[in-house]
Amino acid sequence: MRKTVTRVALLSAGLLLSTTSLAAMSPITECNDCSSQAALSAAKAQQSDSVYVVDFVNRTAQKFVTDDKGAALLTKLSVGELNHLNQEFNHRKVHLRAVKP
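Residues numbered from 1 in each chain as written. Predicted model: local features only at pLDDT ≥ 70, side-chain atom pairs only at ≥ 80, totals over all residues. Heavy atoms only, no water.

Peer 1: Help me get a handle on the packing of aromatic side chains, residues and values and all.
Peer 2: Applying the stated criterion across every chain, the model contains one aromatic pair. Directly above the aromatic system of phenylalanine 56 lies the positively charged group of arginine 92, at a separation of 4.0 Å from the ring centroid. (Phe/Tyr/Trp six-rings, centres within 6.5 Å; stacked < 30°, edge-to-face > 60°. Lys NZ or Arg CZ within 6 Å of the ring centre and 35° of its normal.)

Written out as C-alpha cells, the structure is:
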C-alpha cells in the first residue's frame, strides 16, 4: 500500500512540474533566413520578457531576454528549451540547433 501511495505522489508531482514548465513557455516567433539584426527586431516586436526566435531555413533557434532597460539580449538556450522547441515543430521535420550568444 505504501509503495502505491509513493508512486502516485511521484507521478502527480512529475505531471504537475511538466505541465508548469510547458505553460511557462515564452512566445515563439519565426524569422526565416534573417540576419541577427532582423532576429533581434522580431524579438523586440513581441514585447515580452523573453522570446524564442526560430529560423527554419538556417535551422537555428535563439532566445532573447529583455533587461530592465528594455534592451533585448541574446541568451543561451537550455537543452530542455531546445528540446521543447524541436518537439513543438516536429511536424516540419527540421531539427533546430541553438545559436550561441
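Once the structure has been displayed, the description carries forward.
Peer 1: Can you lay out the pattern of salt bridges for me, pointing to particular residues and giving the numbers?
Peer 2: Following the criterion strictly, the structure yields two salt bridges and no others. The salt bridge involving glutamate 30 is made with arginine 92; its shortest N-O contact spans 3.3 Å. Taken together, the residues glutamate 30 in strand 1 (residues 28–30) and arginine 92 in the loop between helix 3 (79–88) and strand 5 (97–98) connect sequence positions 62 residues apart. Exposure remark for arginine 92: the relative accessible area of 36% places this residue in the partly exposed category. (Salt bridge = Lys/Arg side-chain N within 4 Å of Asp/Glu carboxyl O. Helix = DSSP H or I, 4+ residues; strand = E, 2+ residues; numbered from the N terminus. Buried < 20%, exposed > 50% of the residue type's maximum accessible area, 1.4 Å probe, protein only.)

Peer 1: For the nonpolar core, give the residues involved together with the corresponding values.
Peer 2: Most often, soluble globular proteins have nonpolar side chains that are buried together. One finds Tyr52, Val54, Phe56, Ala61, Leu77, Leu82, Leu85, Phe89, Val94 and Leu96 forming the largest nonpolar core, which totals 10 residues. Elements with a minimum of two residues in this core: strand 2 (50–55) and helix 3. Setting aside its immediate chain neighbours within four residues, leucine 77 contacts Tyr52, Ala61, Gln62, Lys63, Leu82, Leu85 and Ala98. (Core = buried A, V, L, I, M, F, W, Y, C linked by side-chain atoms within 4.5 Å. Contact = heavy atoms within 4.5 Å.)

Peer 1: Requested: an account of the environment of arginine 92, with residues and values cited.
Peer 2: Residues arginine 92 and phenylalanine 56 lie 36 residues apart in sequence; the distance between their C-alpha atoms is 8.6 Å. Residue contacts for arginine 92: discarding those within four places in its chain leaves Glu30 and Phe56. Here glutamate 30 takes part through its side chain, which lies 3.3 Å from a polar atom of the side chain of arginine 92. (Polar contact = N/O pair within 3.5 Å; in protein donor to acceptor, adjacent residues only side chain to side chain.)

Peer 1: Can you lay out the state of the cysteines for me, pointing to particular residues and giving the numbers?
Peer 2: Defined simply, a disulfide is a covalent bond joining two cysteines at their sulfur atoms. Under the counting rule described, the total for this entry stands at one disulfide. Put simply, cysteine 31 and cysteine 34 are joined by a disulfide, and their sulfur atoms are 2.1 Å apart. (Disulfide = S-S within 2.5 Å.)

Peer 1: Summarise unusual backbone geometry; cite the residues concerned and give the values.
Peer 2: Even without being glycine, aspartate 33 reaches a positive phi, approximately 50°. Topologically, aspartate 33 is positioned in the loop between strand 1 and helix 2 (36–46). The exposed category is assigned to aspartate 33, whose relative accessible area is 54%. Despite not being glycine, lysine 93 has its phi angle at roughly 55°, a positive value. With respect to the helices and strands, the residue lysine 93 is situated in the loop between helix 3 and strand 5.

Interpretation note: all reported values are geometric properties and have no functional meaning in isolation.
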